[in-house]
Amino acid sequence: MNTTAQGIEAQSPHVMNTYGRLPIALSHGEGCRVWDVNGKCYLDALGGIAVNTLGHKHPKLVPALQDQIAKMIHCCNYYHVPEQEALAKKLVELSGLTNVFFCSTGLEANEAALKLARKFGHDKGIERPEIVVYEKAFHGRSIATLSATGNPKVQAGFGPLVEGFIRVPINHIESLKQATEGNPNVVAVFFEAIQGEGGVNPMHMDYLREVRQLCDERDWLLMIDEVQCGMGRTGKWFAHQWAGIKPDVMPLAKGLGSGVPVGAVVAGPKAAQIFQPGNHGTTFGGNPLAMRAGVETIRIMEEDDLLANALRVGAHLMAELKQALSAELASHTVREIRGQGLMLGIELAQPCAALVGQCATHGLLISVTADTVIRLVPPLIMTAAEADEVVAILCPLIKQHLLPAN
Ligand SMILES: *Cc1c(COP(=O)(O)O)cnc(C)c1O
């Protein structure tokens, strides 16, 4: 079997060199498996970075999207789009919030959230609004969202950054209180319920509730970026729901359309009326194809009980990983296995980017983020048997990687 695709150049001659790509070109998929152009099969534990909620070629999604494409793909927001109302109604129902703005990507959803926070401030007479953001956060790569991101590598070379951000460490309420003490310009607190790119770092339940309370006391917006951890990945529709709280603003994207680009900002009563006609917009946002993808993704998730599956298979995967790596956990060469549902991170005591290629060679797609964290965000349809396969391929490669020679 080929381990690398033939004829794949290290760098594409015409596509900009923005990603360090594997020498693999994928051609098609089915369920949790994908095939490259040479016919080699891979088990997909990355799901297009937490995007392919329903895996590949889902038998219910494909005909629904074909039907929609044959009716209408795009029409623009000068008109009512009934599919927008349908998806908004569903997101409102699942979140307990009230209104939705649609866009196409995660950074756009976050950009809209940042604009909401600033206008929330201006509407209260705050001329220079400030937003609390977090160390190791990732919110996207537009100028504003990379400024909100807590990763110097993402920001390097793109200054001057957007101002108006206050940065604090996660899970430390005193730091948040100190950093904002006596500052009348604070308008919002903005974070991921589980940091994705930053290394699968969950916010503690107590911390989420404390921040909610602080936001209520001080009239700040609580804005939770659920772009990666939302849409059922943790076994609830949205990761913050484990803490029994509601945000005021919730950006979504990645898994919402099962691969069709869909972004959304869901807002509660405190933020739902901030934007008025002319304040915000996007040409592609909310088009009929994207909305149909969102509606059908949620419908299929409900029909097939994929939240329960994410929870069950995620817990199984976590337990099997802990068992297979018990010696490494005891010796602290594996620092921690963490996360919830089908959003898991395995943190090693050393960098491990090389594992991505090694896993691919052995027929498994994963990612490594924050240098030392193996991230597993497979489709939510993954079975326990497939999770066992992930462990069987991944853990021996981790053990080998941890041998002293490395
Ligand atoms: C991926 C991601 C984004 C950015 O989404 P894009 O669609 O790539 O713009 C923002 N926030 C979080 C938490 C993400 O994981």
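Predicted, not measured: the structure shown is a model, and the values here were computed from it. (Residues numbered from 1 in each chain as written. Predicted model: local features only at pLDDT ≥ 70, side-chain atom pairs only at ≥ 80, totals over all residues. Heavy atoms only, no water.)

Draft legend 1. Seen up close, the site of the ligand. Neighbouring the ligand are the residues Thr105, Gly106, Leu107, Asn110, Phe138, His139, Glu192, Asp225, Val227, Gln228 and Lys254. Here a nitrogen atom of the ligand and a side-chain polar atom of Asn110 are 3.4 Å apart. Within the side chain of Gln228, an N or O atom sits 2.7 Å from an oxygen atom of the ligand. With the chains in place, 82% of the 380 Å² that the ligand exposes on its own is no longer accessible. (Near = heavy atom within 4 Å. Polar contact = N/O pair within 3.5 Å; in protein donor to acceptor, adjacent residues only side chain to side chain. Areas by Shrake-Rupley, 256 points an atom, 1.4 Å probe, with all protein chains shown as cover.)

Draft legend 2. Quick peek at the state of the cysteines. On inspection of all chains with the given rule, the structure shows zero disulfides. The thiol sulfur of Cys76 is not disulfide-bonded, and the nearest other cysteine sulfur, from Cys75, lies at 6.2 Å. (Disulfide = S-S within 2.5 Å.)

Draft legend 3. Here's a closer look at the pattern of salt bridges. On inspection of all chains with the given rule, the structure shows 24 salt bridges. Note that Asp219 and Lys124 form a salt bridge whose closest N and O atoms lie 3.0 Å from each other. Separated by 95 residues along the polypeptide, Asp219 in the loop between helix H8 (205-218) and strand S10 (221-225) and Lys124 in the loop between helix H4 (106-123) and strand S5 (130-134) bring together distant segments of the chain. A relative accessible area of 33% means that Asp219 is categorised as partly exposed. Between Glu328 and Lys399 there is a salt bridge; the shortest N-O distance is 3.3 Å. Taken together, the residues span a long stretch of sequence, with Glu328 in helix H11 (residues 326-330) and Lys399 in helix H13 (residues 384-401) at a distance of 71 residues. With a relative accessible area of 12%, Glu328 lands in the buried category. Taking relative accessible area as the criterion, Lys399 reaches 33% and is therefore assigned partly exposed. Among the ionic contacts, a cluster of salt bridges with common partners joins Lys60, Asp67, Lys71, Arg292, Glu296, Arg299, Glu303 and Asp304. (Salt bridge = Lys/Arg side-chain N within 4 Å of Asp/Glu carboxyl O. Helix = DSSP H or I, 4+ residues; strand = E, 2+ residues; numbered from the N terminus. Buried < 20%, exposed > 50% of the residue type's maximum accessible area, 1.4 Å probe, protein only.)

Draft legend 4. Fine view of the packing of helix H3 (residues 82-95) against helix H9 (residues 288-303). At a minimum axis separation of 8 Å, H3 and H9 run at an interaxial angle of 40 degrees. With respect to their mutual orientation, H3 and H9 come out oblique. As for how H3 packs across H9, the hand of that crossing is left-handed. Counted together, Glu83, Gln84, Ala86, Leu87, Lys90, Leu91 and Leu94 of H3 and Pro288, Met291, Arg292, Gly294, Val295, Ile298 and Glu302 of H9 form the full contact between these two elements. Considered class by class, the residues forming the contact of H3 with H9 number eight nonpolar, two polar and four charged. (Axes fitted to C-alpha atoms, helices over the stretch in contact; angles between N-to-C directions. Parallel < 35°, antiparallel > 145°, perpendicular 65-115°, else oblique. Left-handed = near helix turned anticlockwise from the far one by under 90°. Contact = heavy atoms within 4.5 Å. Nonpolar A, V, L, I, M, F, W, Y, C, P; charged D, E, K, R; others polar.)

Draft legend 5. The arrangement of the domain arrangement of the chain in detail. Each assigned domain of the chain is listed with its residue range as follows: domain 1 (5-58 + 305-402) and domain 2 (72-303). If you average the C-alpha positions of domain 1 and of domain 2, the two centres end up 26 Å apart. Contacts between the two partners involve 28 residues from domain 1 and, on the opposite side, 29 residues from domain 2. A combined buried area of about 2400 Å² lies between domain 1 and domain 2, and 60% of that area is made up of carbon and sulfur atoms. Among the residues domain 1 hides against domain 2, the three largest losses belong to Leu307, Gln340 and Met343. Together they make up 28% of the total. For the pair domain 1 and domain 2, the interface holds two salt bridges. The partner of Arg375 in a salt bridge is Glu197, and the shortest N-O contact between them spans 2.6 Å. Counting across the domain 1 and domain 2 interface gives 16 residue pairs in polar contact (both at pLDDT 80 or more). Of all the secondary structure elements, the ones that give two or more residues to the side of domain 1 that touches domain 2 are helix H1 (47-50), helix H10 (306-324), strand S13 (334-340), strand S14 (343-348) and strand S17 (373-376). Residue contributions to the side of domain 1 that touches domain 2 peak at four residues, all from H10. (Domains from an automatic or database assignment. Buried area = accessible area lost by both parts, 1.4 Å probe.)

Draft legend 6. Representation of the confidence of the model for the chain. When the pLDDT values of the chain are averaged, the result is 96; 98% of them are 70 or greater. No element of the chain has a lower mean pLDDT than helix H6 (residues 152-155), at 96, and none a higher one than S10, at 99. (pLDDT = per-residue confidence, 0-100.)

Draft legend 7. Local environment of the packing of aromatic side chains. All chains considered together, the criterion is met by two aromatic pairs. Aromatic pair Tyr134 and Tyr207: ring centres 6.3 Å apart, planes at 90 degrees, arrangement edge-to-face. With Tyr134 in strand S5 and Tyr207 in helix H8, the pair connects residues that are 73 residues apart, well separated along the chain. Pair check on accessibility: Tyr134 and Tyr207 agree, each one buried. Members of the aromatic cluster, joined through ring pairs, are Tyr134, Phe191 and Tyr207. (Phe/Tyr/Trp six-rings, centres within 6.5 Å; stacked < 30°, edge-to-face > 60°.)

Draft legend 8. Looking closely at the sheet that holds S14. With respect to topology, four strands assemble into an open sheet ordered S13-S14-S17-S16, the strand pairing being antiparallel. Either end of the sheet is taken by a strand with one partner, and the two such strands are S13 and strand S16 (367-369). The sheet shows a mean angle of 25 degrees between the axes of neighbouring strands, taken without regard to direction. In this sheet, S17 lies alongside S16 in antiparallel orientation, the contact comprising three bridges. Counted as the bridge partner of Thr369 is Val373 from S17. (Pairing = 2+ DSSP bridges.)

Draft legend 9. Region of the structure containing unusual backbone geometry. At the junction of Gly159 and Pro160, the peptide bond is cis and its omega measures out at 0 degrees in the coordinates. Here Pro160 shows up in the loop between H6 and strand S6 (165-168). Even without being glycine, Ala50 reaches a positive phi, approximately 65 degrees. Mapping Ala50 onto the fold places it in helix H1. With phi around 85 degrees, Cys76 is a residue other than glycine that occupies positive phi space. One can find Cys76 in the loop between helix H2 (61-71) and H3.

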